[in-house]
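# Structural overview for review
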Amino acid sequence: MVTSNQALKAVGLFIAYLLKSITDLFLTKPLWANLKVLEETDLKTTGGIYETYKAKALWEKTGAVIMVVRRPGCLLCREEAIELSSLKPQLEELGVPLLAVVKENIGQELDAFKTFFTGEVYVDQKRALYGPVERWMFLSALLRIGVWRSLWRAYRKGCTGNIIKGEGLVLGGVFVIGPKDQGILLEHREKEFGDKVNLLAVLRSARKIQDGLATAK
C-alpha cells in the first residue's frame, strides 16, 4: 500500500521532472567546440602583469585542464574551483597544468576567486571558450530543483559568494585538451548552474595525455 509520504514524494519528483523538461526548452543546445577556434583565441593574463597569448600556447606542449568559469563570485563556481584544485597534486605528477578562464577581470572579485582556485587564471574577453554558441540561463534557473540542490550543497560545504558582481548568465564548463594532435579529450558543458564536471573523468583524460606522449616517444 502506498503511504501518503510516498505519494507526496512521487508527486514532487514528477513536478521537478516536469519543470526541468519545460525549462530545458529555453536552453540553447550545446555545440562541440572547434579546436582551431580555441587555439586562436586571445587570452590575457591576470595578476598585475598583463600579457596576451594565443590559447594554444597554454596546452601545445603539456596539455591542460581548463575551467571555463561562469562567474568568479558565484559560490557554485567557487565550489567547483575548490574541487578541481584538489586534483592539482595528481595533475602536477602528470605534468598537466590546471588553468581557469573568466569573461572579465573584475579586480577584487578575481582576486577573491584565486583564493579558491590554485591554477593560473586568464581572461577570454571574446568568450570563445564559452561557445561556439553561448548558452544562457535566465530566470528558469529558479524553477530547476537541480540548481537549488546545488546551492544547498555548496552552502553546507561553507562556500560563499555574491549574486551581483559580474556577468553570470552565460554557462561555463571544463576542458581537458591534449598537446600536439591529441585534441580535446574532455568537454564538459554546464547544463545548469552548479552542474559540475566529473573529477574522475578529468583525471582519466589527464592520464590520456601522458599515455599519448609516452606512445609518441
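Because the structure is predicted, anything quoted here is derived from the model rather than measured.

Assigned secondary structure in the protein chain consists of seven helices and seven strands. Along the protein chain, from the amino end to the carboxyl end, the secondary structure elements read α-α-β-β-β-α-α-β-α-β-α-β-β-α. For the protein chain, buried positions account for 46% of its 217 residues. Nonlocal contacts in the protein chain, meaning residues at least 24 apart in sequence, comprise 72% of its contacts between residues at least 6 apart. As displayed, the protein chain has an accessible area near 12,200 Å², and 61% of this comes from carbon and sulfur atoms.

On to the side chain of Glu167, then. Positionally, Glu167 belongs in the loop between helix H6 (145-156) and strand S6 (173-177). Of note is the side chain of Glu167, whose polar atom sits 2.6 Å from the backbone nitrogen of Leu169.

The next point concerns helix H3 (residues 75-85). With ten of eleven residues buried, H3 is to be regarded as a mostly interior element. Along H3, the residues classified as buried are Leu75, Leu76, Cys77, Arg78, Glu79, Glu80, Ala81, Glu83, Leu84 and Ser85.

Of all five residues in strand S4 (residues 98-102), five are buried, a share of seventy percent or more. Both faces of S4 are covered, namely the face carrying Leu98, Ala100 and Val102 and the face carrying Leu99 and Val101. Strand direction decides the pairing type here: strand S3 (residues 64-68) and S4, joined by four bridges, are parallel. Paired with Ile66 across the strands is Leu99, a residue of S4. Across four bridges, S4 lies against strand S5 (residues 120-123) in parallel orientation. Bridge pairing in S5 places Val101 opposite Tyr122. Once you follow S4 into helix H5 (residues 108-113) and on to S5, the crossover reads as right-handed.

Here the structure, examined in full by the defined rule, presents two aromatic pairs. The ring of Phe193 carries Arg70 above its face, with NZ or CZ at 4.0 Å from the centroid.

Attention now goes to the packing of H3 against H6. Running from N to C, H3 and H6 point in directions that differ by 60°, and their axes come no closer than 9 Å. By the angle between their axes, H3 is oblique relative to H6. Relative to H6, H3 is oriented so that their crossing is left-handed. Seen from H3, the contacting residues are Leu75, Leu76 and Glu79; seen from H6, they are Ser150, Leu151, Arg153, Ala154 and Tyr155. When grouped by side-chain class, the residues that make up the contact of H3 with H6 number five nonpolar, one polar and two charged.

Direction of pairing for S6 relative to strand S7 (residues 184-189): antiparallel, over a ladder of five bridges. Residue pairing in the sheet places Gly173 in a bridge with Arg189 of S7. Between S6 and S7, which follow one another and run antiparallel, lie six residues, and Lys180 among them has a positive phi close to 55°.

Attention now moves to the confidence of the model for the protein chain. Put simply, the protein chain has an average pLDDT of 86, and 85% of its residues get 70 or more. The secondary-structure element of the protein chain with the lowest mean pLDDT is helix H1 (residues 4-24), recorded at 52, while S3 shows the highest, at 98.

Thresholds, definitions, all that
- In this numbering scheme, every chain counts its residues from 1 along its sequence in written order.
- Per-residue local features of the predicted model are confined to residues with pLDDT of at least 70, and side-chain atom pairs are confined, for both listing and counting, to 80 or more; whole-chain, interface and lining totals are unaffected and use all residues.
- Side-chain measures here rest on the full set of heavy atoms in the structure, leaving out hydrogens and waters.
- Helix numbers and strand numbers start at the N terminus; a helix is a DSSP run of H or I with at least 4 residues, a strand a run of E with at least 2.
- Working definition: with a 1.4 Å probe on protein chains only, accessible area under 20% of the residue-type maximum means buried, over 50% means exposed, and in between means partly exposed.
- Residue contacts are defined here by distance: any two heavy atoms, one from each residue, within 4.5 Å place the two residues in contact.
- Throughout, the Shrake-Rupley method with a 1.4 Å probe supplies accessible areas, and for residues the shown protein chains are the sole cover considered.
- Here a polar contact means two N or O atoms within 3.5 Å. Within protein one must be a hydrogen donor candidate and the other an acceptor candidate, and residues neighboring in sequence count only if both atoms are side-chain atoms.
- Two strands qualify as a pair provided that DSSP identifies no fewer than 2 bridges between them.
- With its strands directed away from the observer, a crossover is right-handed exactly when the path from the first strand over the helix to the second travels clockwise.
- When the centres of two rings from Phe, Tyr and Trp lie within 6.5 Å, Trp using its six-membered ring, the rings pair. Their planes under 30 degrees apart give stacked, over 60 give edge-to-face, and anything left gives tilted.
- Counted as over-ring charges are cases with an Arg CZ or a Lys NZ within 6 Å of the ring centre that also lie within 35 degrees of the ring normal.
- Here, axes are lines fitted to C-alpha atoms. For helices the fit covers the stretch in contact, and angles between N-to-C directions go from 0 to 180 degrees.
- Every angle not falling under 35 degrees, over 145, or within 65 to 115 is termed oblique; those three ranges are roughly parallel, roughly antiparallel and roughly perpendicular.
- By definition, turning the near helix anticlockwise from the far helix through less than a right angle yields a left-handed crossing, and turning it clockwise yields a right-handed one.
- Polar here means any residue outside two lists: the nonpolar Ala, Val, Leu, Ile, Met, Phe, Trp, Tyr, Cys and Pro, and the charged Asp, Glu, Lys and Arg; Gly therefore counts as polar.
- pLDDT runs from 0 to 100 and stands for how confident the predictor is about each residue.

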